[in-house]
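Secondary and tertiary structure notes
Take a look at the letters that make up each chain.
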Amino acid sequence: MFRLNLRTVFLLACAVLAACTPLPPAPAPASTPATPAAMPKPAWQRPGVQLLHIAPEESLLTITVRRGGALARLGHDHVVASRSLHGVVAPALGRAQFRFRLDAMSVDEASLRQAAGLTTAPSADAIAGTRHNMLVRVLEAERYPWVSIDARRTGDKEVFEADITLHGVTRTLRLPVRVEQTADGRRLQASGSLLLKQSDFGIVPFSVLGGAMAVQDQMELAFRITARQEVSAPGSGASPGR
């Protein structure tokens, strides 16, 4: 009986130390703007080329990270999401550029967890702990607040090459994209997904207890973007703020 109780205590202690356990939530950096900083002008932008502007309220990017390690059953998988994508699309050029702030991402929205097929339900305190670990201990969001993506169509109309900058590191990946545009060219929707590794961007996946509880290196990124001619650009010509 003593051995059983000791094992139970040990498992509970592991749960307290897990990646998703309550920790003091990280306050938003003081530099977080109330409105997004102006997008820098794309290097590929040309006079007379039609630009569609991404509508943040109709766009969504999610990243799903999954638990790993020998004690993975004590943790949770997580979905983080950005609903504040800003950027431009040039359909005629087959180009797109957009970005979002890490500290504006949500963590574990119930509807997004359900859509991702995640069956567990972390508590509010656990979600706050996850956010702290993600922003402060893993992504260093105060130092690297922006994620940017610059994509260009390849010979295959449904495959883009995307320069993804995260944590101060840029990697070029092939990105399958489904694009639908209205007949008048004034509205475009693009969706797609890909797998990427945190370590490819110099990020060390979160872990405790020597890796017995950890976040897997691989992440699943998915996006659904709407761009419209009617949406005004948030700004032009300014350099990215932090």
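The sections below set out a description of the structure shown in this document. (Residues numbered from 1 in each chain as written. Predicted model: local features only at pLDDT ≥ 70, side-chain atom pairs only at ≥ 80, totals over all residues. Heavy atoms only, no water.)

1. Regarding the overall build of the chain
How we decide: Helix and strand assignments follow DSSP, with helices taken as H or I runs no shorter than four residues and strands as E runs no shorter than two, numbered in order from the N terminus. Throughout, exposure labels follow a simple rule: accessible area from a 1.4 Å probe, protein chains only, divided by the maximum for the residue type, with under 20% read as buried, over 50% as exposed, and the rest as partly exposed. Residue contacts are counted whenever heavy atoms from the two residues lie within 4.5 Å of one another. To measure how exposed things are, a 1.4 Å probe is used in the Shrake-Rupley method; for residues, cover is taken only from the protein chains shown.
When helices and strands are counted, the chain shows three helices and twelve strands. Here the chain, with 242 residues, has 45% of them falling under the buried criterion. Within the chain, contacts between residues separated by at least 24 positions form 69% of all contacts whose residues are at least 6 apart in sequence. Of the accessible surface of the chain, which amounts to about 12700 Å², a share of 55% is contributed by carbon and sulfur atoms.

2. Let's talk about the side chain of threonine 62
The residue threonine 62 is located in strand 2 (residues 60-68) in this model. On the basis of relative accessibility, which here comes to 13%, the residue threonine 62 falls in the buried class. For threonine 62, the contacting residues outside a window of four places in its chain are Val79, Val80, Ala81, Leu112, Glu220, Leu221 and Ala222.

3. Focus: the pairing of strand 9 (residues 169-181)
Remember that side chains alternate between the two faces of the sheet whenever the strand is regular. Going by this rule: Here a strand pair is declared whenever DSSP counts at least two bridges between the two strands.
As paired elements, strand 8 (residues 159-166) and strand 9 share eight bridges and run antiparallel to each other. When the sheet's bridge partners are listed, phenylalanine 160 is paired in strand 9 with leucine 175. With five bridges connecting them, strand 9 and strand 10 (residues 187-197) associate as antiparallel partners. Looking at strand 10, one finds that arginine 178 is bridged to serine 191. What sits between strand 9 and strand 10 in their antiparallel hairpin is a turn of five residues, with glycine 185 showing a positive phi close to 75°.

4. A word on empty space enclosed by the protein
Worth spelling out the cut-off: Of the two site types, the cavity is a set of points on a 1 Å grid over the protein atoms alone where a 1.4 Å probe fits but cannot get out, and the pocket is an open set with protein on both sides within 12 Å along at least five of seven lines, each lined by residues with an atom within 4 Å of a point. Grid points are joined across faces, edges and corners, and a volume is the space filled by probe spheres set on the points. Any residue that is not Ala, Val, Leu, Ile, Met, Phe, Trp, Tyr, Cys, Pro, Asp, Glu, Lys or Arg is counted as polar, Gly included; the first ten are nonpolar and the last four charged.
The final tally for this structure, using the stated rule, is three cavities of 30 Å³ or more. What the largest cavity holds in volume is close to 380 Å³. Around the largest cavity sit 24 residues that line it, and Val65, Met134, Leu139, Gln198 and Met219 are the ones nearest its centre. Mapped onto the lining of the largest cavity, the elements with two or more residues apiece are strand 2, strand 3 (78-82), helix 3 (124-138), strand 7 (146-153), strand 8 and strand 12 (213-228). Ranked by the residues each element gives to the lining of the largest cavity, the list is headed by helix 3, at four residues. Grouping the amino acids of the lining of the largest cavity by side-chain chemistry returns 20 nonpolar, four polar and no charged.

5. Points about the packing of aromatic side chains
Put simply, the rule is: For Phe, Tyr and Trp, where Trp contributes only its six-membered ring, two rings pair if their centres lie within 6.5 Å, and the inter-plane angle classes them as stacked under 30 degrees, edge-to-face over 60, or tilted in between. A ring is considered to have a charge above it if a Lys NZ or an Arg CZ atom is located within 6 Å of its centre and within 35 degrees of its normal.
Using the criterion set out here, one finds zero aromatic pairs in the structure. Just above the ring of tryptophan 146 sits the side chain of arginine 99; from NZ or CZ to the centre is 3.7 Å. One residue, arginine 101, lies across the ring of tryptophan 146, its end atom 5.3 Å from the ring centre.

6. Points about unusual backbone geometry
Within the chain, aspartate 108 stands out as a residue other than glycine whose phi angle is a positive 55°. If you trace the backbone, aspartate 108 turns up in the loop between strand 6 (106-107) and helix 2 (110-115). Residue histidine 167 is not a glycine yet carries a positive backbone phi of 60°. With respect to the element layout, histidine 167 can be found in the loop between strand 8 and strand 9.

7. Describing helix 3
Stated precisely, the cut-off is as follows: One fewer than the residue count of a helix, multiplied by 1.5 Å, yields its expected span.
Here helix 3 is 15 residues long and its end C-alpha atoms lie 20 Å apart, about the 21 Å a rise of 1.5 Å per residue gives. Along helix 3, the residues that are buried comprise Ala126, Gly129, Thr130, His132, Asn133, Met134, Leu135 and Val138. Buried-residue contacts for helix 3 involve strand 3 and strand 6. Positive backbone phi, approximately 50°, marks glutamate 140, located one or two places after helix 3.

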